[in-house]
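Secondary and tertiary structure notes
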Amino acid sequence: MIYDVNSIREDFPILKRKIHGRELVYFDNAATTQRPKQVVEAIAKFYLYYNANVHRGFHTLSQEASQLFEESYEEIAKFINGNMEETILTINTTDAINIVAYGWGLRNLKKGDEIVTTVMEHHSNMLPWRELAELTGAKIKYVDITEDGELNYKDLESKITERTKIVAFTLASNVVGTINDYKKIVNLAHSVEAIVIADGAQYVPHVETDVKKMDVDFLAFSGHKMLGPTGIGILWGKKEILEEMKPFRVGGDTIKDVTLDNVVWHDLPWRFDAGTPHIAGVIGLAEAVRYLKKIGMDGVRAHDIELVKHTIKLMKEIDDIEILGPLDPEKRTGLVAFNIKGLHHHIVAKALDMYGIAVRSGGHCAHPLHYRLNYQGSVRASYYIYNTKEEVDYFVEKLQKIISVKERLATEPVENVCTG
Ligand code: PMP
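Residues numbered from 1 in each chain as written. Predicted model: local features only at pLDDT ≥ 70, side-chain atom pairs only at ≥ 80, totals over all residues. Heavy atoms only, no water.

Quick notes on the overall build of the protein
Tallying secondary structure elements over the protein gives 15 helices and 17 strands in all. Considered along the principal axes of its C-alpha atoms, the protein spans approximately 70 × 55 × 40 Å. If you take every contact in the protein between residues at least 6 apart in sequence, the share linking residues at least 24 apart comes to 72%. Of the roughly 17,700 Å² of accessible surface on the protein, 50% is carried by carbon and sulfur atoms. Here the protein carries 50 positive and 59 negative side-chain charges, and the mean point of each set is 3 Å from the other. (Helix = DSSP H or I, 4+ residues; strand = E, 2+ residues; numbered from the N terminus. Contact = heavy atoms within 4.5 Å. Areas by Shrake-Rupley, 256 points an atom, 1.4 Å probe, with all protein chains shown as cover. Lys, Arg positive; Asp, Glu negative; His and termini not counted. Charge placed at Lys NZ, Arg CZ, Asp CG, Glu CD.)

Laid out in structure tokens, this is it:
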């Protein structure tokens, strides 16, 4: 083990909770992670001792709050090897992608242009592009996957043409777990001068991310999937693109001066920061980033691989389990979605809950991907830094128990599931 998971667990009091009389096993980290005490304390400290609006006052509290806010902002930008100028605060990944669609797309696309995305996307990286296509008359094209749940790069090559203006793809799938080859995608997109937007919601929390190395034009991610608070996300963008992009939301803070017939927009990134920002969110996310940096993203990744490898090894021994996505743990991020033959995914999740195991079931906001794989949904176990191999053992043991009574369970309405 790369770091001491047991001492990490001490920072997460929620992990000591009992659910239905059993110790909580929290395997729903792809939906949202838990927050360590350090993050909650940093937010509480701000509200209790430093709270004031930022960039507005000459009084001491406002100056202190502004300093704390900017230091935190800088810390977040550095985490992805960016700088503050290129880092825009958003509500979450969904918001970040919408900002590009409406802020850049609406002003730059026209009828006949093409947007390339993939069938692997979360709805958040699909529906904004569909809206944009509808509004501009652009055409949307979907890159297919292989039977193993990897991106079909031959299909990608055939879909990108001189008409492609935007290529939007996920760095890591929230269902099949696949980590996509950003180099291939970025090179192809840039060869036709398209801009590339990467959905990093399931990647940035799990894999060391360097926007300079990646050479994407935009990167979106959410604080709440990496130990940070909800309501704060990031849109990183290349400076030259942001400089030319008008803010999508305008109002207080986005300007240097306004007369009745002219606006002088503010410098980056403040131009995009309309209204009072989520100050406590930025402070909390910076603390989350410090926490992750202390563990080291190499350690985070190695831990994910270890847990996924263990899960797949155990699941492969069980005939009734069908795993979605590639079986090679190195090709995945820290999650495994699966189905039990003959059992509805919600029944499996409900039964696991009776054992204190929190997993997600359903379409995971990726319905087209499930339909492509001939499923209506799946059960997803998703891991993070505090999960253990022992928890995986317990989880798979309970799956076997569920399978042993599956004929009975299959007839139960979802609300009444009990395997005892
Ligand atoms: N993209 C992916 C791949 C995701 O997994 C998620 C969250 N499930 C999102 C986008 C959307 O994230 P948020 O809800 O934080 O906007």
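Next comes the rest of the description.
A short note on the pairing of strand β17 (residues 378-382)
For a regular strand, side chains alternate in direction, first toward one face of the sheet and then toward the other. The element β17 is largely enclosed, with a buried count of five among its five residues. Side chains Ser378, Arg380 and Ser382 project from β17 onto one buried face, and the interleaved Val379 and Ala381 project onto a second face that is buried too. When strand β14 (residues 335-340) meets β17, the two strands line up antiparallel, connected through four bridges. By the bridge assignment for β17, phenylalanine 338 is matched with valine 379. Sheet analysis places strand β16 (residues 360-362) next to β17, joined by three bridges and oriented antiparallel. (Buried < 20%, exposed > 50% of the residue type's maximum accessible area, 1.4 Å probe, protein only. Pairing = 2+ DSSP bridges.)

Quick notes on the sheet that holds β14
Strand order in this open sheet of four strands is β13-β14-β17-β16, and the pairing throughout is antiparallel. Every interior strand has two partners, whereas the edge strands, β13 (321-324) and β16, have only one. Pairs of neighbouring strands in the sheet enclose a mean axial angle of 30°, with direction left out of account. One ladder, built from four bridges, connects β13 with β14; its direction is antiparallel. By the bridge assignment, glutamate 322 is partnered in β14 with asparagine 339. (Axes fitted to C-alpha atoms, helices over the stretch in contact; angles between N-to-C directions.)

Quick notes on the packing of aromatic side chains
Across all of its chains, the model carries eleven aromatic pairs by this definition. Look at phenylalanine 69 and tyrosine 73: their rings are 5.7 Å apart centre to centre, the planes differ by 80°, and that puts the pair in the edge-to-face class. Highlighted residues: phenylalanine 69 and tyrosine 73, both in helix α3 (residues 60-79), separated by four residues, approximately one helical turn. The same class applies to phenylalanine 69 and to tyrosine 73, which are both buried. Judged by centre distance (5.5 Å) and plane angle (85°), the rings of tyrosine 73 and tryptophan 270 are edge-to-face. Linking tyrosine 73 in helix α3 with tryptophan 270 in the loop between β12 (262-265) and α10 (279-295), this pair joins segments that are 197 residues apart in sequence. Each of the two residues, tyrosine 73 as well as tryptophan 270, counts as buried. Three or more aromatic residues joined by ring pairs make a cluster, and in this case those are Phe12, Tyr291, Tyr384 and Tyr386. Sitting above the plane of the tyrosine 153 ring, lysine 184 keeps its charged end 4.6 Å from the centroid. (Phe/Tyr/Trp six-rings, centres within 6.5 Å; stacked < 30°, edge-to-face > 60°. Lys NZ or Arg CZ within 6 Å of the ring centre and 35° of its normal.)

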